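In case you want the letters, here they are:
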Amino acid sequence: MLWKPIGARIAHPHEQTLSDIGEVVNTAIQNIPTIYSNVRVDKYVIMPNHLHMIIKLYSHGDDGGRLIIAPTISSIIRLLKSYVSKEIGFSIWQKSFHDHIIRNEQEYRDICDYIDQNPQKWQEDCYFTKSSDHS
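Rules behind the numbers
All residue numbers refer to positions counted from 1 along the written sequence of the respective chain. Where totals are concerned, whole chains, interfaces and linings use all residues; where local detail is concerned, this predicted model gives features only for residues with pLDDT of at least 70, and gives and counts side-chain atom pairs only at 80 or more. Excluded from the side-chain calculation are hydrogens and water; included are all heavy atoms of the structure. In this description, a line fitted to the C-alpha atoms serves as the axis of each element, helices being fitted only across the stretch in contact, and the angle between N-to-C directions of two axes falls anywhere from 0 to 180 degrees. Only DSSP runs of H or I with at least four residues qualify as helices, and only runs of E with at least two residues qualify as strands; both kinds are numbered from the N terminus onward. Under this scheme an angle from 65 to 115 degrees is roughly perpendicular, one under 35 degrees roughly parallel, and one over 145 degrees roughly antiparallel; angles in between are oblique. Here a crossing is called left-handed whenever its near helix is offset anticlockwise from the far helix by less than a right angle, and right-handed whenever the offset is clockwise. Here a residue-residue contact requires only that any non-hydrogen atoms of the pair lie within 4.5 Å. Under the grouping applied here, Gly and all other residues not named as nonpolar or charged are polar, the nonpolar ones being Ala, Val, Leu, Ile, Met, Phe, Trp, Tyr, Cys and Pro and the charged ones Asp, Glu, Lys and Arg. Within this scheme a cavity is a closed region of a 1 Å grid, computed over the protein atoms alone, that accommodates a 1.4 Å probe without allowing it to escape, whereas a pocket is open but has protein on both sides within 12 Å along at least five of seven lines; lining residues each have an atom within 4 Å of a point. Grid points are joined across faces, edges and corners, and a volume is the space filled by probe spheres set on the points. Any carboxyl oxygen of Asp or Glu within 4 Å of a side-chain nitrogen of Lys or Arg constitutes a salt bridge here. Between buried and exposed lies partly exposed: a residue is buried under 20% and exposed over 50% of the maximum accessible area for its type, with that area taken using a 1.4 Å probe on protein chains only.

Caption draft 1: Examining the packing of helix H1 (residues 20-35) against helix H2 (residues 73-88) more closely. Between H1 and H2, the shortest axis-to-axis distance is 9 Å and the interhelical angle comes to 140 degrees. What the angle tells us is that H1 and H2 run oblique. For the pair H1 and H2, the sense of crossing is right-handed. Note on element contacts: H2 touches H1 through Ile76, Leu79, Leu80, Tyr83, Val84, Glu87 and Ile88, opposite Ile21, Val24, Val25, Thr27, Ala28, Ile29, Ile32 and Ile35. Of the residues assigned to the contact of H1 with H2, the class counts are 13 nonpolar, 1 polar and 1 charged.

Caption draft 2: Seen up close, the layout of surface pockets. Of the voids in this model, the largest pocket is the one considered here, and its volume is about 1,200 Å³. Forming the boundary of the largest pocket are 34 residues, of which Leu51, His52, Met53, His98 and Asp99 lie nearest the centre. Elements represented by at least two residues in the lining of the largest pocket include exactly strand S4 (51-57), H2 and helix H3 (105-117). If one sorts the elements of the lining of the largest pocket by residue count, S4 sits on top with 7 residues. A per-class count over the lining of the largest pocket returns 22 nonpolar, 8 polar and 4 charged.

Caption draft 3: Structural context of the pattern of salt bridges. One pass over the full model with this rule turns up 3 salt bridges. Between Asp42 and Lys56 there is a salt bridge; the shortest N-O distance is 3.3 Å. Within this pair, whereas Asp42 is found in strand S3 (residues 39-46), its partner Lys56 is found in strand S4, the two being separated by 14 residues in sequence. When its relative accessible area of 23% is taken as the criterion, Asp42 is described as partly exposed. A salt bridge links Lys43 to Asp116, with the nearest nitrogen and oxygen atoms 2.8 Å apart. Highlighted residues: Lys43 in strand S3 and Asp116 in helix H3, separated in sequence by 73 residues.

Printed below as a string of C-alpha cells:
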C-alpha cells in the first residue's frame, strides 16, 4: 500500500498521504535523474497500488569521443524496483510493467492530464481492487 490508510479506509485523493513505502518509492523516483544524468522524470503520481511516470531519455554530449547513450526504460524501472525492495526488505512489485512511447505534443498533454486526474479517479482505475479499499 503506497498511500496511508486513514482509520479503517484508504485516504481519498484530497486527503492522500504517502505511506512509509510510498515515501521510499517517491525518493526512488526523485533520485532517477541523479543516477542517470540523461534521464528526466517529467511527471509522476504514486497511486495506492501502482504509479504512473513520464520519463524522458536524452542521448547527449560526448565523453572522450563517445556518445553518452541513455539507459533503457527497463533498466531504469529495474533499478527503481530493486532500490525500493532493498529499502523496505521485500518486493511489492509485479514482474512486468506497461510502457508507452509518447509520439506527439497532444499525446503528451493527454497523458499529463491523465496523471493529474488519476488520484481523483483511482476507484475507477483498472488496477483498483476492493481489497485495497477499506471504506
